[in-house]
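# Observations on chain architecture
In case you want the letters, here they are:
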Amino acid sequence: MKNFRKVYIGKGKKNAELDIVRITLPIEDVLKYKYEKEGKEYLTFEVGALLKPDDYGRTHTAWVSVAQQEEAPSRVSEPELPLKTPRAKKPRKSKK
């Protein structure tokens, strides 16, 4: 199973009157994540609402999902350390 991580590439703001979200993306980020299929270049990205607007009033964020390589299990196992047993607490003296 592939694991994916989000790479944030831009933010945008929702126009309440038109129900449109306008996203601004830096071109260098778009070019990093483009891919080609059947001779055409594409960029696939996702847009999600922020929990609250940021300091600039932006309400949405955009990201690309990038596949992560899974770490191969190491062949050298680490030595197991003995578990420490918790010390018994001393009873407190009651005040009278």
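Throughout this document, residue positions are counted from 1 along each chain, in the order its sequence is written. In keeping with the model being predicted, local features are shown solely for residues with a pLDDT of at least 70 and side-chain atom pairs are shown and tallied solely at 80 or more, while totals for entire chains, interfaces and linings include all residues. Note that the side-chain values use all heavy atoms of the structure and ignore hydrogens as well as water.

### Notes on the packing of aromatic side chains
What counts as a ring pair is set by centres within 6.5 Å for rings of Phe, Tyr and Trp (its six-membered ring), and what kind of pair is set by the plane angle: stacked under 30 degrees, edge-to-face over 60, tilted for all other angles. Using the criterion set out here, one finds two aromatic pairs in the structure. The lysine or arginine in question, Lys6, covers the ring of Trp63, its NZ or CZ lying 4.3 Å from the ring centre. The rule for a charge over a ring is simple: NZ of Lys or CZ of Arg within 6 Å of the ring centre, and within 35 degrees of the ring normal.

### A word on the pattern of salt bridges
Salt bridge, as applied in this entry: a Lys or Arg side-chain nitrogen positioned within 4 Å of an Asp or Glu carboxyl oxygen. Applying the stated criterion across every chain yields a total of five salt bridges. Two residues, Lys14 and Asp19, come together in a salt bridge whose shortest N-O distance is 3.2 Å. For the salt bridge of Lys34 with Glu41, the shortest nitrogen-to-oxygen distance reads 2.8 Å. In this scheme, a residue with accessible area under 20% of its type's maximum is buried, one over 50% is exposed, and one in between is partly exposed, where area comes from a 1.4 Å probe on protein chains only. On the basis of relative accessible area, Lys34 is assigned to the partly exposed category, the value being 36%. In this structure Glu41 comes out as exposed when scored by relative accessible area, which is 55%. Ionic contacts of the salt-bridge type, sharing partners, join the residues Lys11, Asp54 and Arg58 into one network.

### Some words on the sheet that holds strand β1 (residues 3-15)
Strand order in the open sheet made by the four strands is β2-β1-β6-β5, with antiparallel pairing throughout. Whereas interior strands pair on both sides, the edge strands pair on one side only; in this sheet they are β2 (20-24) and β5 (46-49). Recorded for the sheet is a direction-independent mean angle of 40° between the axes of neighbouring strands. Pairing between strands is defined by DSSP: at least two bridges between the two strands are required. We count a stretch as a helix when DSSP gives it H or I for four or more residues in a row; a strand needs E for two or more, and each element gets its number in order from the N terminus. Note that β5 and strand β6 (residues 60-68) share four bridges and pair antiparallel. Considered in β6, the bridge of Ala49 is made with His60. In this analysis, axes come from line fits to C-alpha atoms, helices being fitted only over the stretch in contact, and the angle between any two N-to-C directions falls in the range 0 to 180 degrees.

### Examining the side chain of His60
Counting through the fold element by element, His60 comes out in strand β6. According to the relative accessible area criterion, His60 is buried, its value standing at 13%. Among the polar contacts listed, one links the side chain of His60 to the side chain of Thr59, at a separation of 2.8 Å. Residue contacts are defined here by distance: any two heavy atoms, one from each residue, within 4.5 Å place the two residues in contact. Contacts of His60, omitting those with residues within four sequence positions, involve Lys11, Gly12, Lys14, Val21, Ile23, Val47, Gly48, Ala49 and Leu50. Polar contact is defined as a pair of N or O atoms within 3.5 Å, subject to the rule that within protein one atom must be able to donate a hydrogen and the other to accept it, and that residues adjacent in sequence are counted only when both atoms are side-chain atoms.

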